[in-house]
Every structure is written in C-alpha cells, then in structure tokens.
Amino acid sequence: MLKHKDVLGLREMSKEEILEILDVAQEMKKRIDNPKLRVDELKHTTVVTLFYENSTRTKTSFSLAGKYLGATVQDLGIATSSVNKGESLIDTGKTLDQMGVHVMIMRNSLTGAPHVLARNVDAHVINAGDGANEHPTQALLDLYTIRDYKKNFEGLKVAIIGDISHSRVARSNVFGLSKLGAEVTLAGPSTMLGGLGKLGIKTTSSIKEAVTDADVVMGLRIQFERQKTISFPGLEEYRQLFGVSGEILKYAKKDVLVMHPGPVNRGIEFTTDVVDGRNSVINIQVKNGLAVRMAILKLLMTGGSKA
Ligand code: CP
C-alpha cells in the first residue's frame, strides 16, 4: 500500500513501497504481453498528463498505462493550453481538479514543481521528472529491470556514468538502489559529479574504475538543456574519456546489464555496439516502464491491493 497521496520521489518512498510497486508491475507486464488479460479496473478514473518538457517514453507509457487499465486519459498539451496565457501551475491544477481529474502526471523543468502542485490539488500527483531533482518512475523501472535479471540487490555493484549533477535519473536511482542494498558508484567528469557525493555515494572520474567488476552499467544522457555553462572541453573529449565502449565494458562482469534511460546520444555516452550489444536491456527498460506505470496508477487508485 502506498503511504502518500502522491508519487513525488524515491527519497521519501520506503523499501516496502518500492518492492510492492515492483511486484504489482510483474503482474501488469503479463497484461502488456497478452491484451486478453487486460481488465478495465480503472474505468472510473481520469488521468491528465501535463508535460512542460519534451518526452517520448514517459508520456506515452503513462498514457498507454492508463488506457490499458481502462482509464480516461487526456493530455493537457501545454503548448496550446492557457499556460501560454500566463495561467499559474496552481490555477491550472485547481482547474483540472474541478473537472474531476483523479491523477495528474507532470514533468517540469523546475525542481519541486510537482510538490507544489500536489499540495494544492485533490488529485494524486505523479512526478514524471522535475528539473535535476527526481524521476521516480524511471528509477522504479530501472529497479524492476535489475531485479528481473539479478534477482536481488544486496551487494550488487552498479556504476552510473555520465552527467551526474544534472541527472534526476541518477538521483532517484541512488535513493532507490541504496535502500535496496546495492553498492552504487557514480562516475563522470569532476565538473559533473556535484551533489550526490554528499549523500555518501562513491564517486570517481575514472570510468574504468567504476566499470571494473560492475553488475550493472547505467549510462546517462548529457543534459545540455540544464547546463548554464558547458562542463567539459568538447564532445570528442567527453566521448574519449567518459564514453562507454565495448573495450571498457570488458572490465565489467561478463553478465553485466547495460542500461540507459533514453534517449541515447549514440556515439557519445555509449558506442553503438554497446547500445545494441547482447548485454543491453535498453529496449526492455521501455516495456518495463509501461508495466511500472500501470502498477503505480493501479496502486494509487485501488489503495494498494495486489493484482
Ligand atoms: N527516460 C525518459 O524520461 O525518456 P523521455 O524523456 O522520452 O520520457
């Protein structure tokens, strides 16, 4: 049973809540694979997506997650909404509340925007990514994928590589993986490692060190849109020093999982042979994301009963 009205981050989510979401997602995945198993259990639920930033995976999978559960799903379409006439986030939320919306799923470039919305509306709010703060459903799908292959988290060596300081994916994963007992190493240019090291997580600027004996190697996209100044000399230097290639991956365990939240800048954070290689589960992460988002909608709306 989820303890809070909203899903805002993994920082405040307990280990038990995380594991319950993963368990329900396992049931939901069967419904993706076999449409005949789908049940309209959320047919009286209305879901609205509010994406103030671009998205392919998160927005589409939330929309399909609602539809696969029988919910009514509507996208606000920020670009054509009254947000462009200056309507505030709180007024937008209160307006949707009046229309009987049960779940608001929001992505915003501002840290804390979903928290503000959640405090001001009756609907459940799900954070689909807020600035460089958290992207809880991405981390939950990552945890689901890791558990699916590795069975448990205790002592698992996870290397997260890239633009750590601007990454909400890294932050949510650090919270989740630490709660579940994994050993996380963060690697990237020293100018991009700020913040999370303060949480007691190991950091290094040597990707060879981070990858050595790793069970999981997770790459991150360089978040150009969040950088006030570019934190490295150039893309070619970044690729040479911090890009993960097949050669670097040889230092990891043989059955290492290669993960990336997407979208991937092929040839920069990962070479193409790594993205498409036999250890890559990047496409499987996408399907697991749909299952996790179905599980979250179901748990929020049905009070946590398992599938
Ligand atoms: N991983 C992720 O959040 O992808 P989108 O930006 O496509 O939603």
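Residues numbered from 1 in each chain as written. Predicted model: local features only at pLDDT ≥ 70, side-chain atom pairs only at ≥ 80, totals over all residues. Heavy atoms only, no water.

Undergrad: Honestly, the site of the ligand in this entry has me stumped. Any pointers?
TA: Around the ligand, the neighbouring residues are Ser 55, Thr 56, Arg 57, Thr 58, Arg 107, His 135, Gln 138, Pro 261 and Gly 262. Arg 107 is positioned such that a nitrogen or oxygen atom in its side chain is 2.9 Å from an oxygen atom of the ligand. His 135 places a side-chain nitrogen or oxygen 2.9 Å from an oxygen atom of the ligand. Summarising the interface, the protein chains cover 91% of the accessible area of the ligand, which totals 250 Å² for the free molecule. Taken together, the residues of the shell around the ligand break down into one nonpolar, six polar and two charged. (Near = heavy atom within 4 Å. Polar contact = N/O pair within 3.5 Å; in protein donor to acceptor, adjacent residues only side chain to side chain. Areas by Shrake-Rupley, 256 points an atom, 1.4 Å probe, with all protein chains shown as cover. Nonpolar A, V, L, I, M, F, W, Y, C, P; charged D, E, K, R; others polar.)

Undergrad: Help me understand the sheet that holds strand β6 (residues 183–187) in this model?
TA: Two pairing modes exist for strands in a sheet, parallel and antiparallel, and in both the strands are linked by backbone hydrogen bonds. The sheet built from five strands is open, its strands ordered β7-β6-β5-β8-β9 with parallel pairing. What marks the edges here is a single partner per strand, and that holds for β7 (202–204) and β9 (257–259). Between one strand axis and the next, the sheet turns through 20 degrees on average, direction left out of account. Where strand β5 (residues 157–161) and β6 come together, five bridges link them in parallel fashion. Of the residues in β6, the one forming a bridge with Val 158 is Val 184. Packed on one face of the sheet, helix α6 (residues 168–179) meets β5, β6 and β8 (216–219) and runs near 170 degrees to β5. (Pairing = 2+ DSSP bridges. Helix = DSSP H or I, 4+ residues; strand = E, 2+ residues; numbered from the N terminus. Axes fitted to C-alpha atoms, helices over the stretch in contact; angles between N-to-C directions. Contact = heavy atoms within 4.5 Å.)

Undergrad: Is there a simple way to think about helix α3 (residues 89–98) in this case?
TA: Every α-helix winds through 3.6 residues per turn, so residues three or four apart in the chain are directed the same way. Within the span of α3, buried status applies to Leu 89, Thr 92, Gly 93, Leu 96 and Asp 97. Viewed end-on, α3 has its buried residues packed into an arc of 140 degrees, placing them on one side of the element. In the stretch just after α3, Gly 100 is the one whose phi turns positive, near 85 degrees. (Buried < 20%, exposed > 50% of the residue type's maximum accessible area, 1.4 Å probe, protein only. Arc of directions from axis to C-beta.)

Undergrad: Just checking my understanding: could you explain the side chain of Ser 280 for this structure?
TA: Within the element layout of this structure, Ser 280 appears in the loop between α10 (272–275) and α11 (282–302). A polar contact is formed between the side chain of Ser 280 and the backbone oxygen of Val 275, at a distance of 2.7 Å. Non-local contacts of Ser 280, meaning those with residues more than four positions away in its chain, are made with Val 258, Val 274 and Val 275.

Undergrad: For this particular structure, what's the right way to read the pattern of salt bridges?
TA: Oppositely charged side chains are able to pair whenever their charged atoms sit close together. The tally for this structure, following the rule as stated, stands at 15 salt bridges. Between Lys 5 and Asp 6 there is a salt bridge, with the nearest N and O atoms lying 2.9 Å from each other. Among the residues examined, Asp 6 registers a relative accessible area of 14% and is labelled buried. Across the pair Glu 247 and Lys 250 runs a salt bridge, and its minimum N-O distance is 2.7 Å. Considered together, Glu 247 and Lys 250 belong to a single accessibility category, that of exposed residues. Salt bridges linked by common partners bring Arg 31, Glu 41 and Lys 298 together as one network. (Salt bridge = Lys/Arg side-chain N within 4 Å of Asp/Glu carboxyl O.)

Undergrad: Help me understand the pairing of strand β3 (residues 103–108), please; the structure alone is not making it clear to me.
TA: Residues in a regular strand project their side chains so that they alternate between the two faces of the sheet. Of all six residues that make up β3, six are buried, and the element is covered over most of its length. Neither face of β3 is exposed, since Val 103, Ile 105 and Arg 107 on one face and Met 104, Met 106 and Asn 108 on the opposite face are all buried. With five bridges connecting them, strand β1 (residues 46–51) and β3 associate as parallel partners. Within the sheet, the bridge partner assigned to Phe 51 lies in β3 and is Arg 107. Judged from the five bridges that link them, β3 and strand β4 (residues 124–130) form a sheet pairing that is parallel. Residue Asn 108 lies in a different strand from β4, and its bridge partner there is Asp 130. As for the winding sense of the linkage, the β-α-β connection from β3 through helix α4 (residues 113–120) to β4 is right-handed. (Right-handed = clockwise from strand over helix to strand, strands pointing away.)

Undergrad: So what exactly am I meant to see when it comes to the domain arrangement of the protein here?
TA: Here the domain parsing of the protein yields domain 1 (15–135 + 286–302) and domain 2 (136–282). Put simply, the middle of domain 1 and the middle of domain 2, counted by C-alpha atoms, are 26 Å apart. Each side of the interface is counted separately: domain 1 has 31 residues, and domain 2 has 28 residues. Buried surface at the junction of domain 1 and domain 2, both sides included, amounts to about 2400 Å², of which 58% is carbon and sulfur. On the domain 1 side of the contact with domain 2, Ile 18, Leu 22 and His 135 bury the most area, a combined 26% of that side's loss. For Arg 168, the salt bridge is made with Glu 53, and the minimal N-O distance between the two is 3.0 Å. Those elements giving two or more residues to the side of domain 1 that touches domain 2 turn out to be α1 (15–33), α2 (57–68), β3, β4 and α11. For the side of domain 1 that touches domain 2, the element with the most residues is α1, which contributes nine residues. (Domains from an automatic or database assignment. Buried area = accessible area lost by both parts, 1.4 Å probe.)

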